[in-house]
Amino acid sequence: MPISFYEARQQILDKVPLLDIEKVPLLEAAGRAIAEDIVAPQALPPFNNSAMDGYAVRIKDCATGTTLAVKGSLLAGSTAVDKAQSGTAVRIMTGAPIPQGADAVIPFEDCQEGEENITILQTVKKGDHIRWAGEDIRPGDQVIAAGTQLRPAEISLLASMRFATVPVRRRVRVAILATGDELQDINELYFEGGIVNSNSWALAAAVREINAIPLMLGIARDNLSDLRAKIKEGLQADVLITSAGVSAGDRDLVREVLQEFNVQEQFWKVRVKPGHPTAFGMCAKTPVFSLPGNPVSTMLTFEEFVRPALLKMMGHHTVLKALYKATLTEPLKKKPGRLQMLRVSLKIDQNGDMLVSSAGDQNTGILRTLVDAQGIALLDAERDFFAVGDKIDVHLLGASTALGY
Ligand code: AMP
Ligand code: MG
């Protein structure tokens, strides 16, 4: 009995192992998940400094209308001068340290500047335009949780606190094996009945998109000896993905050969469309995904089953894409019994609501519909009809899909 889409994904996530932790230079960690909780070793900002170009003053000297002599000048990067003397102001630039004793900064535009003095024009309050040491982050604060993906904001925080290297999990090395007698390499001259192996390219691109490392093993023919040799090689990687040869056809030998290598099959066949014959197994600690060969099935089963698994192995705490509720603009019919991964067009209406419709012919053989799609709708297995106005679950495709208005 085929298992459900959600059971399949859960079994996969339960089985795949976490990879080892390595320390890498900060920029190499961008986009990856940090492997340990990060505790701030220091305060941010590290010292009291000015948020504006202006004058550092003591508020008790600053009744409206008072004139203060300007004594000294502080640029960003200069060391704090001696204590601010009462009855004076220190010229100060944004980012420069606040002189000891000063407790406000008056921006240029808020005072009247004379030859060597300034006149206060408005009320000055304690702390005006001062960034206090530690107001952003105090030493000992937990600032980034293990498993967080490092976006430019987290990289900025880590750099501010002088983390030149950071702990991340190894990038997963993913062996990609296409199988099929009809397959040709991209550069090979066309032969009759030949189909270009596009799956390896699609999978490699998808693996790269999440900062993992694709290893293209090329094509194994539909015979035991070729499959054995290539699968043996693939099992050296952290993960093996095969495409095609996993249905019930006469030459569908992938599962048989995997079994010879002691791959413990966890499931074969999922109540999902497309992607029904998907198989998943473990060879000791190496996950093996056997994806159906149809390019659309290959890509969608990667998207829903393999991508989350690879992210988990690399230590991400968020491995599933966010689901949004989108409003259907056309009725949809499907057969009950299998969850459908529908390729959809998405747009945002004047109210900011997300609208969804089919991206085109949903036949698995139609690649173009996937090219035209911005997202995938996950249509409940048990339902057979969705009406205009129904809210359905969708997620975006790709790392940075933008939606048109
Ligand atoms: P199979 O699962 O072996 O029955 O293959 C299903 C369909 O996918 C067939 O039409 C194959 O020609 C096609 N196919 C299989 N592997 C690839 C591949 N690597 N690239 C493009 N199409 C493929
Ligand atoms: Mg085949």
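Residues numbered from 1 in each chain as written. Chains lettered and ligands numbered in written order. Predicted model: local features only at pLDDT ≥ 70, side-chain atom pairs only at ≥ 80, totals over all residues. Heavy atoms only, no water.

A.B. asks: Could you give an account of the site of ligand 1, with specific residues and numbers?
C.D. replies: Around ligand 1 sit 15 residues, and of these Glu 182, Asn 197, Asn 199, Gly 245 and Gly 293 come closest. The separation between a nitrogen atom of ligand 1 and a polar side-chain atom of Asn 197 is 2.9 Å. At a separation of 3.3 Å, a nitrogen atom of ligand 1 approaches a polar backbone atom of Asn 199. (Near = heavy atom within 4 Å. Polar contact = N/O pair within 3.5 Å; in protein donor to acceptor, adjacent residues only side chain to side chain.)

A.B. asks: Give a description of the domain arrangement of the chain that names residues and reports values.
C.D. replies: According to the domain assignment, the chain contains domain 1 (3-20 + 170-313), domain 2 (21-44 + 135-169), domain 3 (49-131) and domain 4 (324-396). Once you take the C-alpha centre of each, domain 2 and domain 3 turn out to be 35 Å apart. (Domains from an automatic or database assignment.)

A.B. asks: Describe the packing of helix H4 (residues 199-209) against helix H7 (residues 295-313), and please don't skip the residues or the numbers.
C.D. replies: For the pair H4 and H7, the least separation of the axes is 10 Å and the interaxial angle reads 30°. With respect to H7, the element H4 is oriented roughly parallel. Between H4 and H7 lies a crossing of right-handed hand. Every residue of H7 that contacts H4 at Asn 199, Ala 202, Leu 203, Ala 206 and Val 207 is listed here: Pro 295, Thr 298, Met 299, Phe 302 and Leu 310. The class makeup of the residues in the contact of H4 with H7 is 8 nonpolar, 2 polar and no charged. (Axes fitted to C-alpha atoms, helices over the stretch in contact; angles between N-to-C directions. Helix = DSSP H or I, 4+ residues; strand = E, 2+ residues; numbered from the N terminus. Parallel < 35°, antiparallel > 145°, perpendicular 65-115°, else oblique. Left-handed = near helix turned anticlockwise from the far one by under 90°. Contact = heavy atoms within 4.5 Å. Nonpolar A, V, L, I, M, F, W, Y, C, P; charged D, E, K, R; others polar.)

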